[in-house]
Amino acid sequence: GAVVSQHPSRVICKSGTSVKIECRSLDFQATTMFWYRQFPKKSLMLMATSNEGSKATYEQGVEKDKFLINHASLTLSTLTVTSAHPEDSSFYICSALVGADYEQYFGPGTRLTVT
Amino acid sequence: DAKTTQPPSMDCAEGRAANLPCNHSTISGNEYVYWYRQIHSQGPQYIIHGLKNNETNEMASLIITEDRKSSTLILPHATLRDTAVYYCIVRGFGNEKLTFGTGTRLTIIP
């Protein structure tokens with residue numbers, strides 16, 4: 001099946017700094033990727049839809065100036081958490097849309113801890 | 001997309017079949033039923049999907065009732081590695097997004 005990778009797998013940063021998370025489709029091209037966040041023992045919440053070559057579409061309540069998404073190529077989307085604060089600590093997961101049936105393949109996730 | 005209802009947790013003995021129910025009584029004709037699972041601290045994994053016919057693949061079987069208002073995911077011979085949260089998601093044809101509910105936490109007991 002399609003493989004999606006994320007880097008880094010975990011990151012610790014200080015409050016006020018920015019962190020970039022990469023999502024790559026390894027063996028296919030993905031014009032559409034998605035970013036989710038997941039708090040402990042909670043379900044996944046869709047943050048935004050990332051479209052190659054165009055601006056991301058954010059879900060209601062997600063600050064687009066805080067969570068910058070760039071999808072500059074067909075195999076890479078990045079999420080930058082700007083001026084991170086402890087409440088941004090979470091598990092961030094990306095996925096890529098594959099095939100005519102719109103299957104989504106997920107990356108392994110990135111655990112962000114802001115101290 | 002139609003909402004789904006799943007039991008919050010289930011246990012199953014190792015080696016037995018695990019049957020996970022999902023209720024989607026408001027499903028409409030062009031909506032598919034998808035199943036994903038998430039093992040602790042990993043990204044979700046696609047399992048199977050269907051429209052109205054029963055489906056089977058190397059991981060599981062999906063049984064959809066004739067009125068399509070409910071479905072059951074069957075893991076035929078559960079192993080300890082099947083311990084995970086299982087999400088049943090209904091998605092309309094052409095809708096790219098997945099909306100995750102709370103899922104069923106399946107624990108396989110040795």
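Our structure is the block above this text.
Residues numbered from 1 in each chain as written. Chains lettered and ligands numbered in written order. Predicted model: local features only at pLDDT ≥ 70, side-chain atom pairs only at ≥ 80, totals over all residues. Heavy atoms only, no water.

**Here we look at the interface of chain B and chain A**
For clarity, the cut-off: When checking whether two residues touch, look at their non-hydrogen atoms; a contact exists if any pair is within 4.5 Å. Simply put, the buried area is the total loss of 1.4 Å probe accessible area from both parts when two parts are fitted together. When a carboxyl oxygen of Asp or Glu lies within 4 Å of a side-chain nitrogen of Lys or Arg, that pair is called a salt bridge. Definition of a polar contact: a pair of N or O atoms within 3.5 Å, with one able to donate and the other able to accept a hydrogen when the atoms are protein atoms, and with sequence-neighbouring residues admitted only if both atoms are side-chain atoms. Put simply, DSSP H or I for four residues or longer makes a helix, DSSP E for two residues or longer makes a strand, and each gets a number counted from the N terminus. Nonpolar residues are Ala, Val, Leu, Ile, Met, Phe, Trp, Tyr, Cys and Pro. Charged residues are Asp, Glu, Lys and Arg, and all others, Gly as well, are polar.
The interface of chain B with chain A comprises 19 residues on the first partner and 22 residues on the second. Around 1600 Å² of area is buried between chain B and chain A when both sides are counted, 52% of it from carbon and sulfur atoms. Remark: the boundary between chain B and chain A carries 1 salt bridge. At the surface where chain B touches chain A, the tally comes to 6 residue pairs in polar contact (both at pLDDT 80 or more). When contributions to the side of chain B that touches chain A are tallied by element, the ones reaching two or more residues are β3 (31-38), β4 (45-50) and β8 (84-92) of chain B. Looking at the side of chain B that touches chain A element by element, the count peaks at 3 residues for β3(B). Across the side of chain B that touches chain A, the residue classes tally to 7 nonpolar, 9 polar and 3 charged.

**A few points about the pairing of strand β7 (residues 67-73) of chain A**
Residue and element names in this part refer to chain A. Note the threshold: We treat two strands as partners when DSSP finds at least two bridges between them.
Looking at chain direction, β7 and strand β8 (residues 76-81) are connected through 5 bridges and run antiparallel. Its bridge partner lying in β8, Ser73 is registered against Leu76. Linkage of β7 to β8, two consecutive antiparallel strands, is achieved through a turn of 2 residues.

**Concerning the environment of B:Arg68**
Residue and element names in this part refer to chain B. Along the chain, the position of Arg68 falls in the loop between β6 (61-64) and β7 (70-75). Spatially, the C-alpha atoms of Arg68 and Ser28 are 8.6 Å apart, while their sequence positions differ by 40 residues. Apart from residues no more than four positions distant in its own chain, Arg68 is found in contact with His24, Ile27, Ser28, Gly29, Glu31, Tyr32, Leu51 and Lys52. A distance of 2.7 Å separates a polar atom in the side chain of Arg68 from the backbone oxygen of Leu51.

**Here we look at the nonpolar core**
Short version of the rule: For this analysis, a nonpolar core means a set of buried residues of the types Ala, Val, Leu, Ile, Met, Phe, Trp, Tyr and Cys, connected via side-chain atoms within 4.5 Å. For the exposure calls, accessible area comes from a 1.4 Å probe over protein chains only, and a residue counts as buried if that area is under 20% of its type's maximum, exposed if over 50%, partly exposed in between.
Counting residues in hydrophobic clusters, the biggest one holds 42 residues, and the most contacted among them are A:Tyr36, A:Phe106, A:Leu112, B:Tyr36 and B:Phe100. In terms of residue count, strand β9 (residues 90-98) of chain A provides more of this core than any other element does, 6 residues in total. Counting 21 residues, the second largest nonpolar core, distinct from the first, contains B:Cys22, B:Ala60, B:Leu62 and B:Cys88.

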